Amino acid sequence: MPHATTDDGVRLYYEEAGSGVPLVFVHEFAGDHRSWEPQIRHFSRSYRCVVYAARGFPPSDVPGDPAAYGQYRAVDDLAAVLDAIGAESAHVVGNSMGGFCALHFGLRYPSRARSMVVAGCGYGAHPDAQDRFRAESEKVAAAFETEGSADLAQWYGYGPARVQFETKDPRGHAEHVAVLAEHDPVGAALTMRAVQKARPSLYALRGELAGCQVPALIVAGDEDEGVLETDLMLKRTMPRAGLLVLPKTGHVTNLEEPELFNIHVERFLAQVGNDRWPGRDPRSLSTSTTGAK
C-alpha cells in the first residue's frame, strides 16, 4: 500500500486514480479516504485524483501522542502527500475537517494550491458558537474513549446536519455511519481534541483571508446551520471566493448530493484552468443597492 511519510515520521495511506493535473481530496472527521468515492470515480476521468487517510485514521498511522495532532500539522500532512506523489501543486477539495485543511493549505502554501474547494467548513468558527462547539468536541472525544466508535456512531452519525442524508439516501447514509463506526477511538479522540476543538477561529484570520488570492469555491448545505454564517463571511472576505449553497441539504454535500457537487466542482475547476475565476468586480462592492448616485 502506498504511503506518504511526514517530517515527524507518520505514515499516511493514500490512493491514486486517473492522470493529469493533481486533484487531492481531504476527508471530514466522520469519514475517511473512502468518503470521496463518488468524486474519485467521476474526476479520475480527467484528473490525477489522490485521496488519503488523515493521521489517526487507519490505515494511516495512529500516533498516541496528543502533540502529534493539530490544525497546522494536518495542513503539513497534506503537503507531505503532494511531496509523495511528486506534485508541486494541486487542486484541493475538502469537506468539514477537510474543508478547514484545504482552506488553511491555501493560506499556508498558496503557491502549491491551484484552487481550493472548501465544503462544510465553519463549525465552531463563529465567535458566538465557539465555546459551545469546544465543549461538545470534548464530549465527543470522551465518548470515543468511553463508549467506543460503534456506539458513538449511532448518535453522531444522526446529528442535525446528517439526517438529511438519511432521508434522501438511507443506503448511502448507512455506509457513511459504518465508516464512522470503524474509527480508531484513540486517533478519533486525539483528532477531536487537537484539531477540531483547538483550531484557530476563522474570524481571527480575516486579514489573512482577505489577502488570499487562491481561487476558492465555498460549498454549504442550506440546512447545515453550523456553517452558513461563516461561509458568508468567507465569501465576503476572500477576494476570489464563490459561494455555492445546495438546497435541502446537510453537512456531507459530496455524498448527499454527489451529482450536484461534482457538476459545480467540475465547472469551477474548468474556469480556474482557463483563468476565468477572477477576483470580485470592485463595482459590485457598493453601499448602493441599485447603483443610484
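So, here's what we can say about the structure. Everything quoted here is computed from the prediction, not taken from an experiment.

1. Notes on the layout of surface pockets
Part 1 of the reasoning: By volume, the largest pocket amounts to about 860 Å³.
Part 2 of the reasoning: Around the largest pocket, the lining comprises 36 residues; the ones closest to its centre are Tyr123, Phe133, Glu136, Pro160 and Gly226.
Part 3 of the reasoning: Sorting the residues of the lining of the largest pocket by element identifies helix H3 (97–108), helix H4 (130–146), helix H5 (149–156), helix H8 (185–197) and helix H10 (228–237) as the ones contributing at least two each.
Part 4 of the reasoning: Residue classes in the lining of the largest pocket are distributed as 15 nonpolar, 10 polar and 11 charged.
Part 5 of the reasoning: Size it by volume and the second largest pocket reaches roughly 290 Å³.
Part 6 of the reasoning: Arg34, Gly172, Glu175, His176 and Leu255 are, among the 13 residues lining the second largest pocket, the residues nearest its centre.
Part 7 of the reasoning: Residue assignment for the lining of the second largest pocket shows that the elements contributing at least two residues are helix H1 (37–43) and helix H7 (170–181).
Part 8 of the reasoning: Broken down by element, the residue count for the lining of the second largest pocket peaks at 5 residues, all from H7.
Part 9 of the reasoning: Considering only residue class, the lining of the second largest pocket consists of 6 nonpolar, 3 polar and 4 charged.

2. Side note on the packing of helix H2 (residues 71–84) against H3
Part 1 of the reasoning: Where H2 meets H3, the closest approach of the two axes is 9 Å, and the angle between their N-to-C directions is 75°. As far as their axial angle goes, H3 and H2 are roughly perpendicular. Contacts between H2 and H3 pair Gln71, Tyr72, Ala74, Val75, Asp76, Leu78, Ala79 and Leu82 from the former with Phe100, Cys101, His104, Phe105 and Arg108 from the latter.
Part 2 of the reasoning: Along the lines of polarity and charge, the residues of the contact of H2 with H3 split into 9 nonpolar, 2 polar and 2 charged.

3. Describing empty space enclosed by the protein
Part 1 of the reasoning: What the rule picks out here adds up to 3 cavities of 30 Å³ or more.
Part 2 of the reasoning: A volume near 150 Å³ is recorded for the largest cavity.
Part 3 of the reasoning: Taken together, 13 residues line the largest cavity, and the ones lying closest to its centre are Ala54, Arg55, Ala74, Asp77 and Met97.
Part 4 of the reasoning: Within the residue set of the lining of the largest cavity, elements represented by two or more residues are H2, H3 and H8.

4. Here's the deal with the nonpolar core
Part 1 of the reasoning: Among the nonpolar cores identified, the biggest contains 40 residues, and Leu78, Leu103, Leu202 and Met238 are the most heavily contacted of them.
Part 2 of the reasoning: Tallying contributions element by element places H3 first for this core, with 6 residues.
Part 3 of the reasoning: With near-sequence residues (within four places) excluded, leucine 202 lies in contact with Phe100, Leu103, His104, Cys121, Ala125, Leu209, Thr230, Met233 and Leu234.
Part 4 of the reasoning: Formed by 23 residues, the second largest nonpolar core is a distinct cluster that contains Ala30, Ala54, Ala68 and Tyr156.

Quick notes on the rules
- Residues numbered from 1 in each chain as written.
- Predicted model: local features only at pLDDT ≥ 70, side-chain atom pairs only at ≥ 80, totals over all residues.
- Heavy atoms only, no water.
- 1 Å grid on protein atoms, 1.4 Å probe; cavity = no way out; pocket = protein on both sides within 12 Å on 5 of 7 lines; lining within 4 Å.
- Points joined across faces, edges and corners; volume = space filled by probe spheres on them.
- Helix = DSSP H or I, 4+ residues; strand = E, 2+ residues; numbered from the N terminus.
- Nonpolar A, V, L, I, M, F, W, Y, C, P; charged D, E, K, R; others polar.
- Axes fitted to C-alpha atoms, helices over the stretch in contact; angles between N-to-C directions.
- Parallel < 35°, antiparallel > 145°, perpendicular 65-115°, else oblique.
- Contact = heavy atoms within 4.5 Å.
- Core = buried A, V, L, I, M, F, W, Y, C linked by side-chain atoms within 4.5 Å.
- Buried < 20%, exposed > 50% of the residue type's maximum accessible area, 1.4 Å probe, protein only.

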